[in-house]
Amino acid sequence: MMKKFSVVIAGGGSTFTPGIVMMLLDNSDRFPLRKLKLYDNDGDRQGILGEALEILLREQAPEVEFSYTTDPEEAFSDIDFCMAHIRVGKYAMREKDEKVPLRHGVFGQETCGPGGIAYGMRSITGMLEIIDYMEKYSPEAWMLNYSNPAAIVAEACRVLRPDSKVLNICDMPVGTLRRMSQIVGKKPEELEVRYFGLNHFGWWTSVKDKEGNEYLDQIRAYVAENGYLTQIEVDTQHTDPSWQETHKKAKDILAVAPEYLPNTYLKYYLYPDYVTDHMQEHPEYTRANEVMAGREKTVFDHAKKIIENGSAEGIAFEIDAHASFIVDLARAIAYNTHERMVMIVENNGAIANFPDDAMVEVPCIVGVDGPEALTQGNIPAFQQALMFQQVTVEKLVVEAYVEKSYQKMWQALTLSKTVPSAQVAKELLDDLIEENGEFWPELS
Ligand code: NAD
Ligand code: G6P
Ligand code: MN
């Protein structure tokens, strides 16, 4: 008989929780569950999703023992995997990350630039907390972590919890690969990539099918015209108007360095003025507002309806296609599948001309001991220089966190390609300290 697994979802109140649960149920033949728990430090928020999912599981998967809790011991005892997607400060703080920089003429974004730096300072504390709970109550377990900003979180894990079984992952490489697969008329699982970069900061150097046919040129030609905009929607997560704009903008990113296919997030570093101008057109309505009125509302409305009806019949939560990545990863570890996946790992030579101690995003072979990076060779000076600037920002943020250093935070913001000067960086920093309050360590 196939082993059955116990999973806790940390950030149980996340807008992505129902999608992940539906995806887990959909994959129960490949990854069978015995227990499924939700954990959150906001009982009220999680309670709505917990109550609804309890009804849904009773109807659709009564064999899975389901519970939800705010008690760490209950949550983290007897688990094989923690699938984490917490947002420290929730949407209220994401909104500030997006709006505070705008006051200083700089765009605000969830994971990039000053917004991402501010979020990083909040996230580290929350991540260390759940890692420590997991290690206390289930020392053998793995954490598969989606919580952002993944680049800074991954660097913090490297420095502060080097031996912990935490894998930081991002769905953007898989999400974009789904678009590429559509461009060339293949299934995503038929394609294999070479890729190098940092999280939300990378390039594809090869996209081949299993027979070895290369599609890079064909996809580049398409992206040069359309960006990653595709006809049929392949990705339920990235379809709002602002995301369509982002997929389209890949065209202009490609134009700067046409040999490789860019990650869409590079728009924030190569076209910051364009992003800021766009945001200034409606500074009171940012992506956080779009998500609160969209995904968050839909998910919580659905949950409330299920609770009201006492049944999930006829009320569907969408299966989160993007989240299947997390099941593939859990399977790779649990069954030693040696699947090839793009992951965030310590460089150690994977990118030959880049520091060993940088957290980079590269294809890896994943098995029972986690990921083994595939070497990507030397990268060109343009990408190398951009990456070195950005990775140094990420390292400075973690150093600032550890040393509680105002100076290093000022340097991090000053060095970010998104901030025009040390003067603006300082004004921004003082504002961010004020707005983040207790969520940040006190800097001096
Ligand atoms: P959300 O605000 O809806 O959910 C986050 C939940 O985390 C909230 O219920 C909150 O109460 C909880 N939380 C906050 N701090 C906590 C702590 N210390 N312990 C336990 N729970 C805590 O956010 P969302 O939009 O669903 O996104 C969740 C996270 O997933 C974010 O960090 C987001 O950036 C990330 N994400 C990452 C990727 C990726 O590519 N890595 C993809 C999608 C989402
Ligand atoms: C992509 C990124 C994630 C990010 C998300 C934001 O999936 O890889 O890291 O959190 O987009 O999406 P949202 O819909 O919340 O703006
Ligand atoms: Mn991501």
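Residues numbered from 1 in each chain as written. Chains lettered and ligands numbered in written order. Predicted model: local features only at pLDDT ≥ 70, side-chain atom pairs only at ≥ 80, totals over all residues. Heavy atoms only, no water.

Engineer: Let's hear about the site of ligand 1: which residues, and what values?
Structural biologist: Close to ligand 1 lie 28 residues, the nearest being S14, D40, Y91, E110 and Y119. Contacts to ligand 1 include Y119, whose side-chain N or O atom sits 2.6 Å from an oxygen atom. Note that an oxygen atom of ligand 1 is positioned 3.0 Å from one of the backbone N or O atoms of D171. Protein burial of ligand 1: of its 870 Å² of free accessible surface, 97% is covered by the chains. Here the shell around ligand 1 takes three residues from helix 5 (residues 113–137), the largest share from any one element. When the residues that make up the shell around ligand 1 are grouped by side-chain class, the tally is nine nonpolar, ten polar and nine charged. (Near = heavy atom within 4 Å. Polar contact = N/O pair within 3.5 Å; in protein donor to acceptor, adjacent residues only side chain to side chain. Areas by Shrake-Rupley, 256 points an atom, 1.4 Å probe, with all protein chains shown as cover. Helix = DSSP H or I, 4+ residues; strand = E, 2+ residues; numbered from the N terminus. Nonpolar A, V, L, I, M, F, W, Y, C, P; charged D, E, K, R; others polar.)

Engineer: Outline the packing of helix 4 (residues 90–99) against helix 5, listing residues and values.
Structural biologist: At a closest axis distance of 8 Å, the pairing of helix 4 and helix 5 adopts a crossing angle of 145°. Judged by the twist between their axes, the crossing of helix 4 over helix 5 is right-handed. Within the contact between the two elements, helix 4 uses M93, R94 and D97 and helix 5 uses G115, A118, Y119 and R122. Looking at the contact of helix 4 with helix 5 residue by residue, the classes come out as three nonpolar, one polar and three charged. (Axes fitted to C-alpha atoms, helices over the stretch in contact; angles between N-to-C directions. Left-handed = near helix turned anticlockwise from the far one by under 90°. Contact = heavy atoms within 4.5 Å.)

Engineer: Quick rundown of the sheet that holds strand 6 (residues 166–168)? Include the residues and the values.
Structural biologist: Strand order in the open sheet formed by six strands is 3-2-1-4-5-6, with parallel pairing between adjacent strands. Since the sheet does not close on itself, it has two edges, and those belong to strand 3 (65–69) and strand 6, each with one partner. In this sheet, adjacent strand axes meet at a mean angle of 15° when their direction is disregarded. Sheet topology note: the strand 1 (residues 5–10)/strand 4 (residues 81–84) ladder contains four bridges and is parallel. Directly across from A10, in strand 4, lies its bridge partner A84. Across the sheet, helix 5 lies against strand 1, strand 2 (33–39), strand 4, strand 5 (142–145) and strand 6, angled at about 155° from strand 5, the strand it touches most. (Pairing = 2+ DSSP bridges.)

Engineer: Report on the layout of surface pockets, specifying residues and quantitative values.
Structural biologist: Of the pockets and cavities examined, the second largest pocket occupies roughly 570 Å³. For the lining of the second largest pocket, the secondary structure elements donating two or more residues are helix 7 (172–184), strand 7 (191–198), helix 13 (324–335) and strand 10 (339–346). Classifying every residue of the lining of the second largest pocket gives twelve nonpolar, two polar and seven charged. (1 Å grid on protein atoms, 1.4 Å probe; cavity = no way out; pocket = protein on both sides within 12 Å on 5 of 7 lines; lining within 4 Å. Points joined across faces, edges and corners; volume = space filled by probe spheres on them.)

Engineer: Which residues make up the coordination of the manganese ion (ligand 3), and what are the values?
Structural biologist: Reference values for coordination geometry: four tetrahedral donors around a metal ideally subtend 109.5 degrees, six octahedral donors ideally subtend 90 or 180 degrees. At the metal site, the manganese ion (ligand 3) is ligated by C170 (SG) and H200 (NE2), and these contacts range over 2.2 to 2.4 Å. Taken together, the positions of C170 in the loop between strand 6 and helix 7 and H200 in the loop between strand 7 and strand 8 (201–209) put the pair 30 residues apart, joining distant regions of the chain. (Donors = N, O, S within 2.8 Å, 3.2 Å for Na, K, Ca; no water.)

Engineer: Requested: an account of the pairing of strand 7, with residues and values cited.
Structural biologist: The buried fraction of strand 7 amounts to six of the eight residues, a majority that puts the element mostly inside the structure. With eight bridges connecting them, strand 7 and strand 8 associate as antiparallel partners. Along strand 8, the bridge assignment pairs R194 with S206. Adjacent in sequence and paired antiparallel, strand 7 and strand 8 are bridged by two residues, among which H200 carries a positive phi angle near 55°. (Buried < 20%, exposed > 50% of the residue type's maximum accessible area, 1.4 Å probe, protein only.)

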